[in-house]
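Breakdown of the fold
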Amino acid sequence: MDLVNKVLREYLDHFIIIFIDDILVYSPNVEEHTEHLTLVLQRLREEQLYTKFSKCEFWLTQIGFLGHVVSGEGISVNPEKLKQLWIGRVRR
């Protein structure tokens, strides 16, 4: 995690978020997203850091992240997590 943070430092909080081994690339539109993805993937390649393609997801309009749903509409609590919490309380 520390290495990836160092390698991608200039992009952090501009258009990427890194959490453990996840890199989230976010952009306001498709054109900028293409540029951002290209920059991140080129930088990783330059530093000989590689991703496993089967674990990558591209061009998503929303994603579950740390118990939240992140989308163009904003950030909201993941309803599945709320459901799990509710079921857990009922069973107690």
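Residues numbered from 1 in each chain as written. Predicted model: local features only at pLDDT ≥ 70, side-chain atom pairs only at ≥ 80, totals over all residues. Heavy atoms only, no water.

1. Some points on the pattern of salt bridges
Across all of its chains, the model carries 3 salt bridges by this definition. Put simply, Asp2 and Lys6 hold a salt bridge, and the shortest N to O gap is 3.3 Å. Taken together, the residues span about one helical turn, with Asp2 and Lys6 both in helix α1 (residues 2–7) at a distance of 4 residues. The salt bridge partner of Glu46 is Arg43, with a shortest N-O separation of 3.7 Å. Here the residue Glu46 and the residue Arg43 both occupy positions in helix α2 (residues 30–46), the gap between them amounting to 3 residues, near one helical turn. (Salt bridge = Lys/Arg side-chain N within 4 Å of Asp/Glu carboxyl O. Helix = DSSP H or I, 4+ residues; strand = E, 2+ residues; numbered from the N terminus.)

2. Focus: the packing of aromatic side chains
Enumeration according to the criterion identifies 3 aromatic pairs in this entry. On the basis of an interplanar angle of 85° and a centroid distance of 6.2 Å, the ring pair of Phe19 and Phe65 is categorised as edge-to-face. Highlighted residues: Phe19 in strand β1 (residues 16–19) and Phe65 in strand β3 (residues 62–65), separated in sequence by 46 residues. (Phe/Tyr/Trp six-rings, centres within 6.5 Å; stacked < 30°, edge-to-face > 60°.)

3. A look at the side chain of His36
Considering the arrangement of structural elements, one finds His36 in helix α2. A residue is classified by how much of its surface remains accessible, and His36, at 10% relative accessible area, is buried. Apart from residues lying up to four places away in sequence, His36 is in contact with Phe15, Val25, Tyr26 and Ser27. (Buried < 20%, exposed > 50% of the residue type's maximum accessible area, 1.4 Å probe, protein only. Contact = heavy atoms within 4.5 Å.)

Any functional reading would require information beyond the geometric quantities listed.
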